[in-house]
Amino acid sequence: MLSLIRSEFRKVSSVRGPWLLLAAGPLIVLAGIAGLVQSGANLQDPATQSKALGHAGLAAIFALVFGILAVAGEYRHGTITDTYLTTPKRGSVAAAKLTVYALIGAAAGLICSGTALAMASAFWAARGASFHLSAADDWRTLGGAVAANIGLAAIGVALGALVRNVVGAVALALAWVAVIEGIIGQLIGSGLARWLPFYASEALDNANITGTQLLPQWGGGLVLLAYAAIFAGLAIVTTLSRDVT
Amino acid sequence: MAEIQVRGLTKTFGKAAAVRGLTFAAPAGQVTGFLGPNGSGKTTTLRMILGLVRPTTGTALIDGMIYRDLPKPRAVVGAVLESTGFHPGRRAADHLRVIATANRVRNRRVDEVLDAVGLADAAGRRVGKFSLGMRQRLGLAAALLTDPQVLLLDEPANGLDPAGIAWLRAMLRGLAAEGRTILVASHVLGEVTQTVDTVVIVSAGQLRFAGPLDEIGRTGAELESAFLKLTADPGRHSVVAYPQ
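Residue positions are counted from 1 within each chain, in the order its sequence is given. For naming, the first written chain is A and the first written ligand is 1, with later ones following in the order written. With the structure being a predicted model, the display of local features is reserved for residues of pLDDT at least 70 and the display and counting of side-chain atom pairs for 80 or more, all residues being used for whole-chain, interface and lining totals. Hydrogen atoms and water are omitted, and side-chain values are computed over all heavy atoms in the structure.

Visitor: Can you walk me through the packing of helix α2 (residues 17–38) of chain A against helix α4 (residues 60–77) of chain A in this structure?
Guide: Two numbers describe a pair of packed helices, the interaxial angle and the distance between the axes. Residue and element names in this part refer to chain A. At a closest axis distance of 9 Å, the pairing of α2 and α4 adopts a crossing angle of 170 degrees. Here α4 runs roughly antiparallel to α2, going by the angle between their axes. Packed against α2, whose contacting residues are Pro18, Leu21, Leu22, Ala24, Gly25 and Ile28, the element α4 presents Phe62, Ala63, Val65, Phe66 and Leu69 at the interface. Classification convention: Asp, Glu, Lys, Arg as charged; Ala, Val, Leu, Ile, Met, Phe, Trp, Tyr, Cys, Pro as nonpolar; all other residues, Gly among them, as polar. When its residues are assigned to classes, the contact of α2 with α4 shows 10 nonpolar, 1 polar and no charged. Only the contacting stretch of a helix is used when fitting its axis, a line to C-alpha atoms as for every element, and angles between N-to-C directions run 0 to 180 degrees. A helix here means a DSSP run of H or I that spans at least four residues, while a strand means a run of E at least two residues long, and both kinds are numbered starting from the N terminus. For classification purposes, an angle smaller than 35 degrees is called roughly parallel, one larger than 145 roughly antiparallel, one from 65 to 115 roughly perpendicular, and anything else oblique. Only heavy atoms matter for contacts: two residues are in contact if any of them lie within 4.5 Å across the pair.

Visitor: Mind showing me how you'd approach the pattern of salt bridges here?
Guide: Once the charged atoms of two side chains with opposite charge are near each other, the side chains can pair. The working definition used for a salt bridge is a side-chain nitrogen of Lys or Arg within 4 Å of a carboxyl oxygen of Asp or Glu. Within this structure, the stated rule accounts for 13 salt bridges over all chains. For Glu8(A), the salt bridge is made with Lys11(A), and the minimal N-O distance between the two is 2.9 Å. Taken together, the residues Glu8(A) and Lys11(A), both in helix α1 (residues 2–13) and 3 residues apart, mark about one turn of the helix. The buried label goes to any residue with under 20% of its type's maximum accessible area, the exposed label to any with over 50%, and the partly exposed label to all in between, with areas taken from a 1.4 Å probe on protein chains only. Residue Lys11(A) is classed as buried on the basis of its relative accessible area, which comes to 11%. Across the pair Asp94(B) and Arg97(B) runs a salt bridge whose closest N-O atoms are separated by 2.9 Å. With Asp94(B) and Arg97(B) both in helix α3 (residues 92–102) and 3 residues apart, the pair spans about one turn of that helix.

Visitor: So what exactly am I meant to see when it comes to the sheet that holds strand β7 (residues 181–186) of chain B here?
Guide: The strands making up a sheet associate through backbone hydrogen bonding, with each pair oriented either parallel or antiparallel. Residues and elements named next belong to chain B. Criterion used throughout: strands pair if DSSP finds at least two bridges between them. Taken together, 6 strands build an open sheet; the order of strands is β5-β6-β7-β3-β8-β9 and the sheet is mixed. Of all the strands in the sheet, the pair left with one neighbour each is β5 (77–80) and β9 (206–212). Put simply, the sheet's adjacent strands are angled 15 degrees from each other on average, direction ignored. Sheet analysis places strand β8 (residues 198–203) next to β9, joined by 6 bridges and oriented antiparallel. Residue pairing for β9: Val200 is matched across the bridge by Ala210. On top of the sheet, helix α6 (residues 162–177) reaches β3 (31–35), β6 (150–154) and β7; it is set at about 150 degrees to β7, its chief contact.

Visitor: Would you explain helix α4 (residues 108–116) of chain B in this entry?
Guide: Three- or four-residue spacings in an α-helix give side chains the same orientation, since the helix completes a turn every 3.6 residues. Residue and element names in this part refer to chain B. The complete set of buried residues in α4 reads Arg109, Val110, Val113 and Leu114. Looking straight down α4, one finds its buried side chains confined to an arc of 140 degrees; they lie on one side. Facing away from the buried side of α4, by more than 90 degrees, are the exposed residues Arg108 and Asp115. In this fold, the buried residues of α4 make contact with α3 and α5 (132–144). Gly118 occupies a position one or two residues after α4 and carries a positive phi of about 75 degrees. Of all possible arcs, the one meant is that of the directions from the helix axis to the C-beta atoms.

This is how it looks when you write it as C-alpha cells:
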C-alpha cells in the first residue's frame, strides 16, 4: 500500500496541471480579500475580519476539480490501464488515491489559510486598522477551510471515478455548485437545504456566503464527511466490476 | 515455465458476442502470434487475460492463476496494449518511475529499460512530443521494467519504421530464447512469419486455427492465403468491433 501511495504522489508531482490548478486557490483568496477591502467594508467589525478569512474555504472548489483529475484524468490519458495492470485489486487503487488527494487537499487548504491570514493582516495594517486574531472564531474559519479542502478533494476523486470523464465530471461539479444545489435548495426549503453538500461545506468553512440557514460548523463537517464516504463507497463498488476498455 | 491458457473464453457486450468459446495456449519459450481481422476479438481476449475485462464465461490463466490472483502480477506479466496511454505532460523517465515505484523496482532499472528500447536520449522529454514509434518503445520499456516471464503485446509494430520492426523482431526472439512466453496480437502477416513459432487465428471471436506456423505456411504468401481462407466466413452470428 505504501508503494502505491508513493506512486500516486509521483503521478501528481510529475505533471504541471494539478499544481497550476492548486496555485489558483491562493490567488482567489488574495483577490477576494482585496475586493472586500476595496468595497469599503468596515474593517473594525470582527465580522468583516471573519469574512476575509473565509475566502480560504472558497478555494476548496479547486480541490474538488483537482480530485476529479485523479481517476477521470487517468481515463482521459489511458494510463488507467497501466494502473490496473500493476494493481488489479482496484479497491486498493481507490484507497491510495483518496489518501494522496486528501493529503494534498489538506496542504492546499493550509496554504490558502496561510495566504488569507497573511493577506488580511497586510491589508488591515495598510489601512491602519488593527487585526485581532484572538477570536476563536477566526481560527475555526481557517481550520474549517483546511477540512473543506480535504473533503472536497475526496469527493472529487470519487466523482471522477464514477463519471470517468474529466469534462463531464468537472461540468457536473461546477453546475452543481453554481446552479443546481441553489435551485434544489429553494425547492426543498432551507431547513432541508442545509444538508446538501455545498451548503454543508459552507457551514464547515464558517463563512456564510449565500446568507441562508446553515448547519453548525461541526455538523457541516460531519455531513461533508458522510457525502465523501457515500461517494467513495459508490465509486469503489462500481469500479470493481467495470470493464476497462 | 509460465504459460498462458485460455479456456472457453466468451465475452458478450449487450447482445453481441465479441469472443465466443475461445480455447488456446501460448507455451513458454515461444513467440505465439495471435492473428485475426479487425474486430475479431483479439484485444478483448488480451484484456480478459489481463483482468481488465471480465469474461462472461470461461477463464484465462497465467502460470495456472487468473491475473487478479497473481501475488505480484507485474513481476510475472508485462503488457503493451494499444490503448495504453501516457500523460502528454509527463517525461518518459517519470512515466516509468511511476510504475517502478508502484512495483518496488529500483530506479536504476528505469535507465536500463530506456536504454534497451533505444530511448535513453529521450528520457527527459515529455511524452506529448513523442512519435507513435517512440510511444511503442516506451510502452515496451514499461512492460519490461519488471523483467516479466510473460509478455502480451497488441500490434507492437504499429508506428515502427522498418529498422524498428527489425529491432522488435530481434528483441522478441531474444526474449523467447530466454524461455519467456510471448503472445503477439497482430494483423500484419508478413511480419509475423519472421517472428512467431506458433499461430492462433481467430475470426468473429472464434478459434479458426491453432498450431505451429509450419503447418499453414512458412512464407508470407502461404500464410496470407491460409489466413484469408480461415477468416473468410464470419458466420451468421453478428460480431462487434472492440468498443473504443
